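Chain by chain, the residues run as shown.
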Amino acid sequence: DVKVTQSSRYLVKRTGEKVFLECVQDMDHENMFWYRQDPGLGLRLIYFSYDVKMKEKGDIPEGYSVSREKKERFSLILESASTNQTSMYLCASAQNYNEQFFGPGTRLTVL
Amino acid sequence: DQQVKQNSPSLSVQEGRISILNCDYTNSMFDYFLWYKKYPAEGPTFLISISSIKDKNEDGRFTVFLNKSAKHLSLHIVPSQPGDSAVYFCAASELRAAGNKLTFGGGTRVLVKP
């Protein structure tokens, strides 16, 4: 059974803190993705990676960075968290030309 | 500028009746379309997909229709069940693009009343 796990389900941070969100998949997928979900806006792509150490900007990369040192792990970094980054963060993985599998999400609140 | 739009934010339907969810897109390069279902506090789960070479794909109670000339697709759920109450997202991609990137619509919240 396919599995994508995210390091935290709920996270509360203060403005200016550095935040790490980790995602691990056990399906040996090439591609991994980070989205944020906000009401009425659907899922918006932040960054994605199609290979180890490779990264591509999505639609809303500002204020975020990513790291993919191993095939199974994709990290999202908020260098200096701001209140407008309060959101649900979703990680996904996919083999080429197939549907994406999502993790359970991390609800991040920045105070 | 949203390339994938779901113009109905919510839909309420009686159990046993048909649910019809609509989705419009603007990018003519999109050639693969998917529907995802999302329950609260869970990640989205894949429901059904359709390639641009087809105009219909069916899987049990779920059917997706694609009208390429109108850049429109719809998801039909027949019959609707209370467990179908969730948020549904339409997504589109270009199969030839690297990385399997998806562009999502804003979602439609479906409530199936018993």
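Since the model is a prediction, treat every value here as computed from it, not as a measurement.

Right, let's talk about a nonpolar patch on the surface for a bit. All names here are of chain B. A grouping of Ile18, Ile20 and Val78 is seen on the molecular surface, where their side chains present a nonpolar patch of about 230 Å² in accessible area. With respect to the secondary-structure elements, Ile20 resides in strand 3 (residues 19-25). According to the relative accessible area criterion, Ile20 is partly exposed, its value standing at 38%.

In a beta sheet, neighbouring strands pair by backbone hydrogen bonds and run either parallel or antiparallel. All names here are of chain A. Reading across the sheet, the four strands line up as 1-3-8-7 and stay open at both edges, with antiparallel pairing between neighbours. The sheet is open, and its two edges are formed by strand 1 (4-6) and strand 7 (65-70), each paired on a single side. Averaged over all adjacent pairs, the angle separating strand axes in this sheet is 20°, with direction ignored. Pairing between strand 3 (residues 19-25) and strand 8 (residues 73-78): six bridges, direction antiparallel. Across the sheet, the residue bridging to Cys23 is Phe74, located in strand 8.

A separate point is the pairing of strand 5 (residues 42-49) of chain A. Moving residue by residue along a regular strand, the side chains alternate between the two faces of the sheet. All names here are of chain A. With respect to burial, strand 5 is a largely interior element, seven of its eight residues being buried. In the sheet, strand 4 (residues 31-38) pairs with strand 5 via seven bridges, with the strands oriented antiparallel. Looking at strand 5, one finds that Phe33 is bridged to Phe48. Taking the residues that link successive antiparallel strands as the turn, the strand 4-strand 5 hairpin has three residues, and the phi of Gly40 there is positive, at about 80°. When strand 5 meets strand 6 (residues 56-57), the two strands line up antiparallel, connected through two bridges. Residue pairing in the sheet places Phe48 in a bridge with Glu56 of strand 6. Between strand 5 and strand 6, which pair antiparallel one after the other, the connecting turn spans six residues, and Lys53 there sits at a positive phi close to 65°.

Now for the side chain of B:Gln6. All names here are of chain B. Along the chain, Gln6 falls in the loop between strand 1 (4-5) and strand 2 (10-14). Residue classification places Gln6 among the buried residues on the basis of a relative accessible area of 9%. Polar contacts involving the side chain of Gln6 include one to the main-chain amide nitrogen of Cys90, which spans 3.0 Å. Excluding residues within four positions of it along the chain, Gln6 makes contact with Asn22, Cys23, Trp35, Tyr88, Phe89, Cys90, Gly105, Gly106, Gly107 and Thr108.

All names here are of chain B. Throughout the structure, instances matching the rule amount to twelve aromatic pairs over all chains. For the pair Tyr36 and Phe104, a centre-to-centre distance of 5.8 Å together with 55° between the ring planes defines the contact as tilted. Taken together, the positions of Tyr36 in strand 4 (residues 32-38) and Phe104 in strand 10 (residues 103-104) put the pair 68 residues apart, joining distant regions of the chain. Ring geometry for Phe89 and Phe104: centres 6.4 Å apart, planes at 85°, overall edge-to-face.

Looking now at the environment of B:Gln3. All names here are of chain B. Positionally, Gln3 belongs in the segment before strand 1. Sequence separation between Gln3 and Asp24 is 21 residues, and the spatial gap between their C-alpha atoms is 8.2 Å. Filtering out sequence-adjacent residues up to four positions away, Gln3 remains in contact with Asp24, Tyr25, Thr26, Asn27, Phe30 and Thr103.

What counts and how
Residues numbered from 1 in each chain as written. Chains lettered and ligands numbered in written order. Predicted model: local features only at pLDDT ≥ 70, side-chain atom pairs only at ≥ 80, totals over all residues. Heavy atoms only, no water. Patch = residues over 30% accessible without salt bridge, like charges linked within 9 Å, V, L, I, M, F, W, Y side chains within 5 Å. Areas by Shrake-Rupley, 256 points an atom, 1.4 Å probe, with all protein chains shown as cover. Salt bridge = Lys/Arg side-chain N within 4 Å of Asp/Glu carboxyl O. Helix = DSSP H or I, 4+ residues; strand = E, 2+ residues; numbered from the N terminus. Buried < 20%, exposed > 50% of the residue type's maximum accessible area, 1.4 Å probe, protein only. Pairing = 2+ DSSP bridges. Axes fitted to C-alpha atoms, helices over the stretch in contact; angles between N-to-C directions. Polar contact = N/O pair within 3.5 Å; in protein donor to acceptor, adjacent residues only side chain to side chain. Contact = heavy atoms within 4.5 Å. Phe/Tyr/Trp six-rings, centres within 6.5 Å; stacked < 30°, edge-to-face > 60°.

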